[in-house]
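A closer look at the structure
Here's the letter readout for the chains.
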Amino acid sequence: MTPEDQEETQPLLGPLGGSAPRGRRVFLAAFAAALGPLSFGFALGYSSPAIPSLRRAAPPAPHLDEDAASWFGAIVTLGAAAGGLLGGWLVDHAGRKLSLLLCSMPFVAGFAVITAAQNLWMLLGGRLLTGLACGIASLVAPVYISEIAYPEVRGLLGSCVQLMVVTGILLAYLAGWVLEWRWLAVLGCVPPSFMLLLMCFMPETPRFLLSQHKRQEAMAAMQFLWGSAQGWEEPPIGAEHQDSSLASVVVGLIQVLFTATAALIMDRAGRRLLLTLSGVVMVFSTSAFGAYFRLTEGGPSNSSHVDLPAHLSMEPTDTNMGLAWLAVGSMCLFIAGFAVGWGPIPWLLMSEIFPLPVKGVATGACVLTNWFMAFLVTKEFSSLMEVLRPYGAFWLASAFSIFGVLFTVACVPETKGKTLEQITAHFEGR
């Protein structure tokens, strides 16, 4: 190995002598950035209580039919796909902090448009704007947090991105119990407004500042985040309805509980173990859910347009109570399994494994793919269940989960406790 090669393997921001920083402001900065994912989760969860509210609304308020409701729910993912591409450019050219500041604007503007909406197009336009912000936030927040955190807490702080997303979803569900759609949209303006305020006082990430040849600013950022800039080295720059509402709240609570559990154990159990365990749980839960629909096929509730709480309430209580509990248990098990691994960890890994020169483009491509697939699933799931029947759709999901487990075992490296430069060196074979 040449001296130049040795220099390139040095951590961009790594402590000398094995000591780890313990500044508390890094947690404040991570919280400020995580308000973006909180807003993201609220935007995703908003449609669940808002659609029934809009269907009850009297003129001159907009009214949603079945097709309009599907677009109202799905169009946010199209905006997020575009936001992923835009965020990939912003994160490299404008920086991590400015990208987070900018993404707060379409969040606030989108919910403001929805609040003032007098027709369907204003509703869809507002959702599209919030989706754009979701795409940017889902890309930039994990990058910002991973670059300000030291290895001992990067798993904890990184998984808080998904924790804030599901907390935002739960907040939307809970607020939807008491607020109509306009006031719910007003509430949606609050988290991004706080993010805009707090991020004004947070620094840019030291890694990005060093990549821009701004050493003094990087040292000041270290001082702010970690309490001291001593003992840190700089490498060469070349280195790199009430039943339905209750079910929604239960889902949200399970998501928050198990995502929080994942955050607490992430840096001890490791990413690969949690991904594998999560995938196995998802395989069994989706298989069991498919079995439930297969066993109840031909009954009074057989329909591809499944409203699970209503579906369960229509089953004969003397013969199908056990099957009803199979459905509820499968749903809860899937949510718990997803929240432990496949919910938070891909976003964390995405922010860890890509080297600095291509991080914006690569994470943008990942976010675009994620949101395009989310749009397809959201928009076409009912059609898929018409073609495959409900049990077939869930068994297809089980097959994808099996593939995810195999991919994790074969291809995903463990990044627990490693610096970002060590992770990059792994992929480069160094």
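Residues numbered from 1 in each chain as written. Predicted model: local features only at pLDDT ≥ 70, side-chain atom pairs only at ≥ 80, totals over all residues. Heavy atoms only, no water.

- Per an unreviewed UniProt entry, the protein goes by Solute carrier family 2, facilitated glucose transporter member 8 isoform X3 and derives from Odocoileus virginianus.
- Its UniProt record gives the protein a comment under Subcellular location (unreviewed entry), which states: "Endomembrane system". (UniProt positions renumbered as here; feature names shortened; annotations may be inferred.)

**As for the environment of Pro 52**
- Topologically, Pro 52 is positioned in helix α2 (residues 25-56).
- Counting along the chain gives 12 residues from Pro 52 to Leu 64, while the straight-line C-alpha distance between them is 8.8 Å. (Helix = DSSP H or I, 4+ residues; strand = E, 2+ residues; numbered from the N terminus.)

**Brief notes about the packing of aromatic side chains**
- Counted under the stated rule, the structure contains 11 aromatic pairs.
- Centroid distance Tyr 46 to Phe 111: 5.8 Å. Interplanar angle 75°. Geometry classified as edge-to-face. Here the residue Tyr 46 occupies a position in helix α2, and Phe 111 occupies one in helix α4 (residues 96-115), the gap between them amounting to 65 residues.
- Residue Tyr 46 is classed as buried on the basis of its relative accessible area of 0%.
- Taken together, the ring pairs connect Phe 42, Tyr 46, Phe 72 and Phe 111 into an aromatic cluster.
- When the ring centre of Phe 72 is taken as reference, the NZ or CZ atom of Arg 127 above it lies at 5.0 Å.
- Sitting over the ring of Tyr 391, Arg 294 keeps its end group 5.1 Å from the ring centre. (Phe/Tyr/Trp six-rings, centres within 6.5 Å; stacked < 30°, edge-to-face > 60°. Buried < 20%, exposed > 50% of the residue type's maximum accessible area, 1.4 Å probe, protein only. Lys NZ or Arg CZ within 6 Å of the ring centre and 35° of its normal.)

**Some points on the pattern of salt bridges**
- Applying the stated rule across the entire model yields 4 salt bridges.
- The salt bridge involving Asp 92 is made with Arg 96; its shortest N-O contact spans 3.9 Å.
- For Arg 96, a relative accessible area of 1% puts it in the buried group.
- A salt bridge links Glu 147 to Arg 96; the nearest nitrogen and oxygen atoms lie 2.8 Å apart. Here Glu 147 is found in helix α5 (residues 120-148), whereas its partner Arg 96 is found in helix α4, with 51 residues between them in sequence.
- With a relative accessible area of 2%, Glu 147 lands in the buried category.
- The network of salt bridges with common partners includes Asp 92, Arg 96, Glu 147 and Arg 207. (Salt bridge = Lys/Arg side-chain N within 4 Å of Asp/Glu carboxyl O.)

**Section: the packing of α2 against helix α3 (residues 66-93)**
- Remark: α2 packs on α3, axes separated minimally by 9 Å, with the N-to-C direction vectors making an angle of 160°. Taken together, the axes of α2 and α3 lie roughly antiparallel to each other. Helix-helix and strand crossings are classified by hand; for α2 and α3 the assignment is right-handed. The segment α2 lies against α3, with Leu 44, Tyr 46, Ser 47, Ala 50, Ile 51, Leu 54 and Arg 55 engaging Glu 66, Ala 69, Phe 72, Gly 73 and Val 76.
- A breakdown of the residues in the contact of α2 with α3 according to their chemical character gives 8 nonpolar, 2 polar and 2 charged. (Axes fitted to C-alpha atoms, helices over the stretch in contact; angles between N-to-C directions. Parallel < 35°, antiparallel > 145°, perpendicular 65-115°, else oblique. Left-handed = near helix turned anticlockwise from the far one by under 90°. Contact = heavy atoms within 4.5 Å. Nonpolar A, V, L, I, M, F, W, Y, C, P; charged D, E, K, R; others polar.)

**A short note on the nonpolar core**
- Grouped together as the largest cluster of nonpolar side chains are 74 residues, with contacts concentrated most on Tyr 46, Phe 72, Tyr 144 and Trp 181.
- No other element matches α2, which puts 15 residues into this core.
- Those residues in contact with Tyr 144 that sit more than four places away from it in its chain are Ala 29, Ala 33, Arg 96, Lys 97, Leu 100, Met 199, Met 202, Pro 203 and Thr 205.
- Leu 274, Leu 275, Ile 345 and Leu 349 belong to the second largest nonpolar core, which has 8 residues in total. (Core = buried A, V, L, I, M, F, W, Y, C linked by side-chain atoms within 4.5 Å.)

**Describing the side chain of Thr 415**
- Looking at the element boundaries, Thr 415 is found in the loop between α16 (359-411) and α17 (420-427).
- What makes Thr 415 buried here is its relative accessible area of 1%.
- Of the polar contacts made by the side chain of Thr 415, one reaches the side chain of Arg 271; its length is 3.1 Å.
- Apart from the residues lying within four places of it in its own chain, the contact partners of Thr 415 are Arg 154, Arg 271, Leu 349, Glu 352, Ile 353 and Ile 423. (Polar contact = N/O pair within 3.5 Å; in protein donor to acceptor, adjacent residues only side chain to side chain.)

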